[in-house]
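In case you want the letters, here they are:
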Amino acid sequence: MRLHFFKDFFDLIYPRNCSLCGRSLFDFEVCFCRICIGILPRTLYHRMPTENDLTDKIKGLSNVGMAMSFLRFTSGGKSQKILHRLKYRNKPEIAEKLGKLYAQDLIEANFKNCWDLIVPVPLHPVKLLRRGYNQSEQFAKGLSEGLEVDYENALERKKFTETQTKKSRLQRMENVEDVFQISAEHSVANLRILLVDDVITTGATLCSCANVLLANGAKTVDLASIAAGK
Ligand SMILES: [Zn+2]
């Protein structure tokens, strides 16, 4: 009773609203209302995990097995709105919720017991300082809970990269080639890894991370992101 009072009081001061449509949420809803969850722009790549737009994109960049993304990124679309809230409004719980939702889809498609470890792509330290959290790690956390597979920050950045947006695909690959390493306290030898990131644009960063994991003895590396563009 007392708890309810404090919760209601808290909701009055900080109303909980759907991160997409803005409608106030019921007690059992987290981040999104049920209607918005139903109409999220899912890619359904996990139904064809070795042959989709994403696998086409990263062909030749890395020897990964499956590549999947929860949402389809479209400029001005729902996924962009979600990512914007995630990045600039201090809402780490959104990424975690998306991880849990994607885990549900993956379990329904028989992906349970496919991986030994989930590894997020590390965020640039300057961005981490500014944002306070790594949204890829939050996504990994949600996936970890839903899939019942541990997640660890097994990768770290070696050095800073200059802004990559104006470079060609090949230049970007070269640029990220020597950026990541396995952090000293971790081993990925013989593990089946699910490597996760927030948004996949060219795939260069993700493939560079995958290559480091494979070079350090990972048995297999599969990819999953919150959103991926065409
Ligand atoms: Zn909604």
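Cut-offs and rules
Residues numbered from 1 in each chain as written. Predicted model: local features only at pLDDT ≥ 70, side-chain atom pairs only at ≥ 80, totals over all residues. Heavy atoms only, no water. Donors = N, O, S within 2.8 Å, 3.2 Å for Na, K, Ca; no water. Tetrahedral: all angles 85-135°; square planar, octahedral: opposite > 155°, others 65-115°. Helix = DSSP H or I, 4+ residues; strand = E, 2+ residues; numbered from the N terminus. Buried < 20%, exposed > 50% of the residue type's maximum accessible area, 1.4 Å probe, protein only. Pairing = 2+ DSSP bridges. Axes fitted to C-alpha atoms, helices over the stretch in contact; angles between N-to-C directions. Right-handed = clockwise from strand over helix to strand, strands pointing away. Expected span 1.5 Å × (residues − 1). Contact = heavy atoms within 4.5 Å. Polar contact = N/O pair within 3.5 Å; in protein donor to acceptor, adjacent residues only side chain to side chain. Salt bridge = Lys/Arg side-chain N within 4 Å of Asp/Glu carboxyl O. Patch = residues over 30% accessible without salt bridge, like charges linked within 9 Å, V, L, I, M, F, W, Y side chains within 5 Å. Areas by Shrake-Rupley, 256 points an atom, 1.4 Å probe, with all protein chains shown as cover. Lys, Arg positive; Asp, Glu negative; His and termini not counted. Charge placed at Lys NZ, Arg CZ, Asp CG, Glu CD. Core = buried A, V, L, I, M, F, W, Y, C linked by side-chain atoms within 4.5 Å. Domains from an automatic or database assignment. pLDDT = per-residue confidence, 0-100.

### Quick word on the coordination of the zinc ion
Phase 1 of the analysis: For the zinc ion, every protein donor is listed as Cys18 (SG), Cys21 (SG), Cys33 (SG) and Cys36 (SG), and the spread of their distances is 2.3 Å.
Phase 2 of the analysis: In this structure, the zinc ion is surrounded by four donor atoms whose angles at the metal cover 104 to 117 degrees, and the resulting shape is tetrahedral.
Phase 3 of the analysis: Along the chain, the residues that donate to the zinc ion are spaced as C-x2-C-x11-C-x2-C. On the criterion of sequence distance, the pair formed by Cys21 in the loop between helix 1 (2-13) and helix 2 (34-38) and Cys36 in helix 2 is long-range, its members being 15 residues apart.
Phase 4 of the analysis: Overall, Cys21 belongs to the partly exposed group, its relative accessible area being 46%.
Phase 5 of the analysis: Exposure remark for Cys36: the relative accessible area of 5% places this residue in the buried category.

### Thoughts on the sheet that holds strand 5 (residues 192-200)
Phase 1 of the analysis: Strand order in the open sheet formed by four strands is 1-6-5-2, and the pairing between neighbours is parallel. Edge positions in the open sheet fall to strand 1 (67-72) and strand 2 (117-120), since each of these has one partner strand only. For this sheet the average axis-to-axis angle between neighbouring strands, irrespective of direction, equals 20 degrees.
Phase 2 of the analysis: Where strand 1 lies against strand 6 (residues 220-228), five bridges are found, and the strand directions are parallel. When the bridges of strand 6 are listed, Leu71 appears paired with Ala227.

### Observations concerning the pairing of strand 6
Phase 1 of the analysis: Judged by how many residues are buried, strand 6 sits mostly within the fold: eight of nine residues are covered.
Phase 2 of the analysis: Bridge analysis of strand 5 against strand 6 gives eight bridges, and the strand direction is parallel. Residue pairing for strand 6: Leu195 is matched across the bridge by Leu223.
Phase 3 of the analysis: Each parallel crossover has a hand, and the one from strand 5 via helix 9 (residues 204-215) to strand 6 is right-handed.

### Notes on helix 7 (residues 135-147)
Phase 1 of the analysis: Here helix 7 contains 13 residues, and its C-alpha end-to-end distance of 18 Å stays within 8% of the 18 Å for a straight helix at 1.5 Å per residue.
Phase 2 of the analysis: Regarding helix 7, the residues found buried are Gln135, Ser136, Gln138, Phe139, Ala140, Gly142, Leu143, Ser144 and Leu147.
Phase 3 of the analysis: If you follow the buried residues of helix 7, they end up packed against helix 4 (78-88), helix 5 (92-108), strand 2, helix 6 (125-131), strand 5 and strand 6.
Phase 4 of the analysis: Measuring from the side-chain oxygen of the N-cap residue of helix 7 to the backbone nitrogen of Ser136 gives 3.0 Å; that N-cap residue is Asn134.

### Observations regarding the pattern of salt bridges
Opposite charge on two side chains lets them pair, provided their charged atoms get close.
Phase 1 of the analysis: The final tally for this structure, using the stated rule, is nine salt bridges.
Phase 2 of the analysis: Linking Arg23 and Glu29 is a salt bridge whose minimum nitrogen-to-oxygen distance equals 3.4 Å.
Phase 3 of the analysis: Judged by its relative accessible area of 3%, Glu29 falls in the buried class.
Phase 4 of the analysis: Lys100 is paired through a salt bridge with Glu145; the nearest N and O atoms lie 3.4 Å apart. Note that Lys100 is positioned in helix 5 and Glu145 in helix 7, a separation of 45 residues in sequence.
Phase 5 of the analysis: Residue class for Lys100 comes out partly exposed when judged on its relative accessible area of 30%.

### Structural notes on a negative patch on the surface
Phase 1 of the analysis: A grouping of Asp150, Glu152, Glu156 and Glu185 is seen on the molecular surface, where their side chains present a negatively charged patch.
Phase 2 of the analysis: On the secondary structure map, Glu152 appears in the loop between helix 7 and strand 3 (155-157).

### Quick look at the nonpolar core
Phase 1 of the analysis: Counting residues in hydrophobic clusters, the biggest one holds 66 residues, and the most contacted among them are Phe32, Leu98, Leu143 and Leu195.
Phase 2 of the analysis: Of the residues forming this core, the biggest block, seven residues, is contributed by helix 5.
Phase 3 of the analysis: Shared between two domains, this core takes at least three residues from each, and those domains are domain 1 (1-39) and domain 2 (41-228).
Phase 4 of the analysis: In this structure Leu143 touches Gly99, Lys100, Tyr102, Ala103, Leu106, Ile118, Glu148, Leu194 and Val196, once residues within four positions along its chain are discounted.

### Observations concerning the confidence of the model for the protein chain
Phase 1 of the analysis: Looking at the protein chain, the pLDDT average stands at 88 and 85% of residues meet or exceed 70.
Phase 2 of the analysis: The secondary structure element of the protein chain with the lowest average pLDDT is helix 8 (residues 169-177), at 59, and the one with the highest is strand 2, at 98.

### Re helix 9
Phase 1 of the analysis: Given a rise of 1.5 Å per residue, twelve residues ought to cover 16 Å, and the 16 Å separating the end C-alpha atoms of helix 9 matches this to within 8%.
Phase 2 of the analysis: For helix 9, the set of buried residues is Ala204, Leu206, Cys207, Ser208, Cys209, Ala210, Val212 and Leu213.
Phase 3 of the analysis: Phi turns positive one or two residues past the end of helix 9, at Gly217, with a value near 95 degrees.

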